[in-house]
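The lines below spell out each chain.
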Amino acid sequence: MTSASIPAAESRSLASDLVSLTKPRIISLLLVTTVAPMFVAGTPSWWTVLLVTVGGYLMAGGANAVNMYLDRDIDDVMARTRLRPIPSGRMTPRAVLAFGVMLATAATFLLAQFVNVLTAALALGGFYFYVFVYTRWLKRTSPHNIVIGGAAGAFPPLVGWAAVTGQVDLIAVYLFPIVFYWTPPHFWALALLKQGDYGRAGVPMAPLVWGERETIAQMVWYTVVLVALTLLPVAFGAFGLVYLAAALTLGALLARGVLRVRALHRRGAPWTGAAWWTYKYSLLYLALLFVAMVVDRAVA
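Residues numbered from 1 in each chain as written. Predicted model: local features only at pLDDT ≥ 70, side-chain atom pairs only at ≥ 80, totals over all residues. Heavy atoms only, no water.

**Re the nonpolar core**
At step 1: One finds Ile-178, Trp-188, Tyr-243, Tyr-285, Leu-289 and Met-293 to be the most contacted residues of the largest nonpolar core, which totals 93 residues.
At step 2: When sequence neighbours within four positions are dropped, the list of residues in contact with Tyr-243 reads Ile-178, Thr-230, Val-234, Leu-289, Ala-292, Met-293 and Asp-296. (Core = buried A, V, L, I, M, F, W, Y, C linked by side-chain atoms within 4.5 Å. Buried < 20%, exposed > 50% of the residue type's maximum accessible area, 1.4 Å probe, protein only. Contact = heavy atoms within 4.5 Å.)

So this is what it looks like as structure tokens:
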């Protein structure tokens, strides 16, 4: 490698680290649950969609960066996180914190100035909830961390709705518990598979505190409530038959995955493959459910 190519390589490495701090794969799902409600709420301009997408990415990316700053001690002992920029030594904690705060500040200004203040306030509320209520408090103190902390991930539908209507009405509020009840079965499927990591880090995830059997039982109940919640909007006329068919099909597949994990675990049979399937499918489930809302409104 020539001397001239070394700065270029370092620049690419820094850019890659900055992107990784935002956790783009996680944000992609958050953006689906932000943008889809915009088209359910009305007919937004593509300029508004672009502003909300950029602002939402910056806010969520800032929250994820601050999360890595606060979790730098446990990231260093968890196999799946020890290659992140801080524990690997590629970036200093202060630089990561500054980057996260800068992104959140830019997002707040962008949304307040060019969309509306309510949208900015809701997005900032999600940031503070994730950083302080989940990461700083609940994650290290309670097995209910992902249950209550999951509310942070339920802010995006409110953000998207407010961006189009300038308010938060009943349908928007109803989208909040759908994401809220989706979070535990989604995340506990992963927690079951990563118990060793969480145990070494001293994080009281449900499988470590309640045991695998109780955690899986809770996954079943949350899935039942979730599927029921997704069907109720049809009853009060918010969505029609297209959404109903999608919600039933998607919910049945999710329930099948969770029940398969429980059945295999009870028999003492290998269940990790089923848990991985459930975790990965739950990501697709939520995205397709919100897409189904948009399609239903489009054909109504």
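So much for the structure itself; the text now carries on.
**Here's the deal with the packing of helix H2 (residues 24-41) against helix H8 (residues 155-165)**
For any two helices packed against each other, the geometry is given by the interaxial angle and the distance between the axes.
At step 1: Where H2 contacts H8, the axes come no closer than 7 Å and their chain directions differ by 35°. The crossing of H2 and H8 is right-handed. Here H2 contributes Leu-30, Thr-33, Thr-34, Pro-37, Met-38, Val-40 and Ala-41 to the contact with H8, which in turn contributes Pro-156, Pro-157, Val-159, Gly-160, Trp-161, Ala-163, Val-164 and Thr-165.
At step 2: Its residues assigned to classes, the contact of H2 with H8 comprises 11 nonpolar, four polar and no charged. (Axes fitted to C-alpha atoms, helices over the stretch in contact; angles between N-to-C directions. Helix = DSSP H or I, 4+ residues; strand = E, 2+ residues; numbered from the N terminus. Left-handed = near helix turned anticlockwise from the far one by under 90°. Nonpolar A, V, L, I, M, F, W, Y, C, P; charged D, E, K, R; others polar.)

**Some points on the pattern of salt bridges**
At step 1: In total, this model carries six salt bridges according to the counting rule given.
At step 2: The closest approach of N and O atoms between Asp-71 and Arg-140, which form a salt bridge, is 3.3 Å. In this pair, Asp-71 is assigned in the loop between helix H3 (46-70) and helix H4 (72-75) and Arg-140 in the loop between helix H6 (117-137) and helix H7 (145-149), connecting sequence segments 69 residues apart.
At step 3: A salt bridge links Asp-75 to Arg-84; the shortest N-O distance between them is 3.1 Å. Assigned by exposure class, Asp-75 and Arg-84 land together as buried.
At step 4: Through salt bridges with shared partners, one network takes in Asp-71, Asp-73, Lys-139 and Arg-140. (Salt bridge = Lys/Arg side-chain N within 4 Å of Asp/Glu carboxyl O.)

**Quick word on the packing of aromatic side chains**
At step 1: Under the defined criterion, the tally for this structure stands at 16 aromatic pairs.
At step 2: When the ring of Tyr-130 is compared with that of Tyr-134, the centres are 5.6 Å apart and the planes differ by 25°; the resulting orientation is stacked. Here Tyr-134 and Tyr-130 lie together in helix H6, a separation of four residues that amounts to about one turn. Both residues of the pair, Tyr-130 and Tyr-134, count as buried.
At step 3: With centroids separated by 5.6 Å and ring planes inclined at 75°, the aromatic side chains of Trp-188 and Trp-210 adopt a geometry described as edge-to-face. In this pair, Trp-188 sits in helix H9 (residues 170-193) while Trp-210 sits in the loop between helix H11 (206-209) and helix H12 (212-235), placing the two residues 22 residues apart along the sequence.
At step 4: Among the aromatic side chains, those forming a connected cluster through ring pairs are Phe-180, Tyr-181, Trp-188, Trp-210 and Tyr-222. (Phe/Tyr/Trp six-rings, centres within 6.5 Å; stacked < 30°, edge-to-face > 60°.)

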